[in-house]
Amino acid sequence: MAANTTEYTAATKTGRIADFVDSRVGGSAMVKEFGRKIFPDHWSFMFGEVALYTFVLLLLSGTFLTFFFDPSMAHVTYNGSYVPLKGVGMSTAMASTLDISFDVRGGLFMRQVHHWSALLFVASVSVHMLRVFFTGAFRRPRELNWIVGGVLLILGLAAGFTGYSLPDDLLSGNGLRIIDGVMKALPIAGTYLSMFFFGGEFPGEHVIPRLYSLHIMIVPAMILLMVAIHLFMVVVHKHTQYPGPGRTNNNVVGFPVGPVYAAKAGGFFFIVFGIIALISGLFQINPVWNYGPYDPSPVSAGTQPDWYIGFVDGALRLMPGVLGNFSFEWVIPFPWGDNTLILNVLLPALVPAGALFAVMFAWPWIERWVTKDNREHHLLDRPRNAPFRTAVGVAGVVFYSVMWAAASSDLIATHFHVSLNDVTYWLRTLFFLGPVVAFFLTRRICLSLQRKDREIVLHGREAGIIEMSPEGGFSEKHEQVDVYRRYVLTNFNDRQYIPAEPDAAGHISRKEKRRAKISKFFFEDRVAPVTPSELEAAHAAHGHHEVEGDKKSESLES
């Protein structure tokens, strides 16, 4: 006997259209499944959203600019609205940039939206990566997503540099001159790479069209792919969350995507858009008309690239040409003649950036090897509770910041009326000593903050109320923290030094001994979390329990 079924019919025209689409593509099931996805709510998670929203603004503003920009290096005579450059010879790319700025309605505003969005995109990706690093969100099962984030950061740098070079003005031309110098510093293949990239002897005739293709097609497509992979992995692995009552590695406490999170995210997008529009309308950036067209014959002073590329420029400025009688320019004989290996260009251009990204990409496996912790982690760390990781991160930030500051060494000297040589010598010293000092100082600060947390848990907070005992003694009243705060202060992994352990054959390898030494260096100084027995004893003693217990007894109790 056939069952009678009644087909749903929408009452409105919009509903009928939606029902038609849904019956063909099955969108309601996907929306229902994704709409029930829970995301935790914390202000630090917004950096990733800022990166996504600024990328959307980059696509929208970039699409507008492509309608008017001509990426040609053909020589023309400018005859536009900007009177100081009338009659000046320049490339078509530079002339079209000036036309966008002065002759296209809203063109200058869109240029500045695009540029400010690019700066904020790289900044938000960078801060988002730092948040992930300092909180340990890169640990299993998110190691590959950490790699995706690192690739996104590199692609952001590539997108910024290729776009920054397109106007073919004096400032961007100096950046391309540096790239040409780095290419030519490579032995044998350097001159061939330069000739291919620039389409002839620098500045060539084809570099702007090639950079344009990279900037509007290849790099954005790769960024879109990485963003899609990143979001897919976030959904698959579920979002990390900060520790708190009721939050475990097996659940997520937060809001569903629909309608709460979607509404909040939509509102935040318009906030980001409004701020960038306000900045773009009020603050000038990259005034190419002040620099003029690129001329390879003069050498200009006081030029700095955008901040995210500045660390490479700064490393080049810090590198000396010779050290005493030792020269970094090596002549290598070959059967066909001598070739020169210019290390004072190659080393600063490739080694610092390569080392920084190599450590960043490898860190999840380095930490897992040192700690022997291969568990899944969905709860984040407070940075103070992972002193060695936090110290390494701050050391890396200082390492980057010194090179970034060196990119403006000439402006530091002129603005503060000091010797340029002295500025360079100080920055060279900070390049080597700064990360080391930052590491040890940060680790001591983290340990001190952990001790303060122990004191708060065991003794409570100082209330500022002085009490007098019947015997005439005075003491300050302490207020015990609530259960939620106590949970946050005490619920963290007690990372301990793991000595070298033999393998199945009873042999301790050199690799294992090396790991044990690193583990001892990282974890020998530690502050254990408060145990229930310590807390009970502290309350029984009315807050007079010893704050710092014996480390051996603490580790046994924990």
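No experiment lies behind these values; they were computed from the predicted model shown. (Residues numbered from 1 in each chain as written. Predicted model: local features only at pLDDT ≥ 70, side-chain atom pairs only at ≥ 80, totals over all residues. Heavy atoms only, no water.)

Peer 1: For this particular structure, what's the right way to read the overall build of the protein?
Peer 2: When helices and strands are tallied, the protein shows 20 helices and 10 strands. Across its three principal directions, the C-alpha atoms of the protein cover 95 × 95 × 65 Å. Of all 558 residues assigned to the protein, the portion counted as buried reaches 43%. Of the contacts made within the protein by residues no fewer than 6 positions apart, 72% connect residues no fewer than 24 positions apart. Accessible surface, the protein: about 30200 Å² in total, of which carbon and sulfur atoms supply 66%. Charge-centre separation for the protein: the mean point of 47 positive side chains lies 5 Å from the mean point of 47 negative side chains. (Helix = DSSP H or I, 4+ residues; strand = E, 2+ residues; numbered from the N terminus. Buried < 20%, exposed > 50% of the residue type's maximum accessible area, 1.4 Å probe, protein only. Contact = heavy atoms within 4.5 Å. Areas by Shrake-Rupley, 256 points an atom, 1.4 Å probe, with all protein chains shown as cover. Lys, Arg positive; Asp, Glu negative; His and termini not counted. Charge placed at Lys NZ, Arg CZ, Asp CG, Glu CD.)

Peer 1: Explain unusual backbone geometry to me, please; I cannot follow it from the model alone.
Peer 2: What you tend to see is this: most non-glycine residues have negative phi, and most peptide bonds are trans. Cis rather than trans, the peptide bond between Arg140 and Pro141 has omega equal to 15°. Relative to the elements of secondary structure, Pro141 occurs in the loop between helix H5 (107-135) and helix H6 (143-164). Here the residue pair Phe202 and Pro203 is connected by a cis peptide bond, since its omega of 5° sits within 30 degrees of zero. Residue placement: Pro203 occurs in the loop between helix H8 (190-198) and helix H9 (207-237). We note that Lys238 has phi near 65°; this positive angle belongs to a residue other than glycine. Relative to the elements of secondary structure, Lys238 occurs in the loop between H9 and strand E4 (255-256).

Peer 1: Any chance you could explain the confidence of the model for the protein here in plain terms?
Peer 2: As a note on interpretation, predicted positions should not be read in detail where pLDDT is low. Per-residue confidence for the protein gives a mean pLDDT of 87, with 94% of residues at or over 70. Low pLDDT (under 50) marks residues 543-558, which in the prediction has 36 contacts with non-local residues, meaning those over four places away or in another chain. (pLDDT = per-residue confidence, 0-100.)

Peer 1: I keep staring at empty space enclosed by the protein and nothing clicks. Help me out?
Peer 2: Gaps left between atoms are located by rolling a probe of water-molecule size over the structure's atoms. Evaluated as defined, the whole model comprises three cavities of 30 Å³ or more. Estimated volume of the largest cavity: approximately 120 Å³. Contributing to the lining of the largest cavity are 16 residues, with Asn385, Pro387, Gln450, Arg495 and Arg526 lying nearest its centre. With three residues, helix H16 (residues 420-459) is the largest single contributor of residues to the lining of the largest cavity. (1 Å grid on protein atoms, 1.4 Å probe; cavity = no way out; pocket = protein on both sides within 12 Å on 5 of 7 lines; lining within 4 Å. Points joined across faces, edges and corners; volume = space filled by probe spheres on them.)

Peer 1: Whenever I open this one, helix H14 (residues 387-406) confuses me. Can you help?
Peer 2: Each α-helix turn comprises 3.6 residues. Residues three or four places apart therefore point the same way. Compared with an ideal rise of 1.5 Å per residue, which puts 20 residues at 28 Å, H14 spans 28 Å between its outermost C-alpha atoms and is within 8% of the ideal. Among all positions of H14, only Pro387, Phe388, Arg389, Thr390, Ala391, Gly393, Ala395, Phe399, Tyr400, Val402, Met403 and Ala406 are buried. (Expected span 1.5 Å × (residues − 1).)

Peer 1: Sorry, what's going on with the nonpolar core here?
Peer 2: The tendency in soluble globular proteins is for nonpolar side chains to be buried as a group. Counting residues in each nonpolar core, the largest one holds 61 residues, and the members touching the most others are Phe121, Trp146, Leu176, Phe198, Val207 and Ile223. The contacts of Leu176, once residues within four sequence positions are left out, are Phe161, Ser165, Phe198, Phe202, Val207 and Leu211. Ranked by size, the runner-up nonpolar core spans 13 residues in total, among them Ala315, Ala406, Val423 and Leu427. (Core = buried A, V, L, I, M, F, W, Y, C linked by side-chain atoms within 4.5 Å.)

Peer 1: Explain the packing of aromatic side chains here, please?
Peer 2: The relation between two aromatic rings is expressed through the spacing of the ring centres and the mutual angle of the planes. Within this structure, the stated rule accounts for 34 aromatic pairs. Between Phe133 and Phe134, the ring centres sit 5.7 Å apart and the planes meet at 75°, which makes this aromatic pair edge-to-face. Of the two residues, Phe133 and Phe134, neither departs from the other in class, the shared state being buried. Here the aromatic rings of Trp363 and Phe388 are separated by 6.4 Å at their centres, their planes lie at 35°, and the arrangement is tilted. Of this pair, Trp363 sits in helix H13 (residues 343-371) while Phe388 sits in helix H14; the two residues are 25 residues apart in sequence, bridging distant segments of the chain. For Trp363, a relative accessible area of 6% puts it in the buried group. Using a relative accessible area of 1% as the deciding quantity, one classes Phe388 as buried. The cationic tip of Arg443 hangs over the ring face of Phe521; the distance from NZ or CZ to the ring centre is 5.0 Å. (Phe/Tyr/Trp six-rings, centres within 6.5 Å; stacked < 30°, edge-to-face > 60°. Lys NZ or Arg CZ within 6 Å of the ring centre and 35° of its normal.)

Peer 1: Is there a simple way to explain a nonpolar patch on the surface in this structure?
Peer 2: A cluster of nonpolar side chains, namely Phe432, Leu433, Val437, Leu441, Ile445 and Leu449, defines an oily patch on the protein surface of about 590 Å² accessible area. Inspection of the secondary structure puts Phe432 in helix H16. Its relative accessible area of 60% is what places Phe432 among the exposed residues. (Patch = residues over 30% accessible without salt bridge, like charges linked within 9 Å, V, L, I, M, F, W, Y side chains within 5 Å. Salt bridge = Lys/Arg side-chain N within 4 Å of Asp/Glu carboxyl O.)

Peer 1: Mind showing me how you'd approach the pattern of salt bridges here?
Peer 2: What the rule picks out here adds up to 18 salt bridges. Arg495 is the salt-bridge partner of Asp381, the closest N and O atoms lying 2.7 Å from each other. Of this pair, Asp381 sits in the loop between H13 and H14 while Arg495 is found in the loop between helix H17 (483-490) and helix H18 (510-523), placing the two residues 114 residues apart along the sequence. Side by side, Asp381 and Arg495 carry an identical accessibility label, which is buried. Three or more residues are tied together by salt bridges with common partners; here these are Arg139, Glu367, Asp381, Arg389 and Arg495.

Peer 1: It is not clear to me how the environment of Ser124 should be interpreted in this structure. Could you clarify?
Peer 2: Structurally, Ser124 is set in helix H5. Using a relative accessible area of 5% as the deciding quantity, one classes Ser124 as buried. Between the C-alpha atoms of Ser124 and Phe47, which are 77 residues apart in sequence, the distance is 5.4 Å. Within the structure, Ser124 has its side chain in polar contact with the backbone nitrogen of Ala51 (distance 3.4 Å). From its side chain, Ser124 meets the backbone oxygen of Phe121 in a polar contact 2.9 Å long. (Polar contact = N/O pair within 3.5 Å; in protein donor to acceptor, adjacent residues only side chain to side chain.)

Peer 1: So what exactly am I meant to see when it comes to the pairing of strand E7 (residues 329-334) here?
Peer 2: Sheet topology places E7 next to strand E8 (residues 337-342); six bridges connect them, and they run antiparallel. Within the sheet, the bridge partner assigned to Ile332 lies in E8 and is Asn339. (Pairing = 2+ DSSP bridges.)

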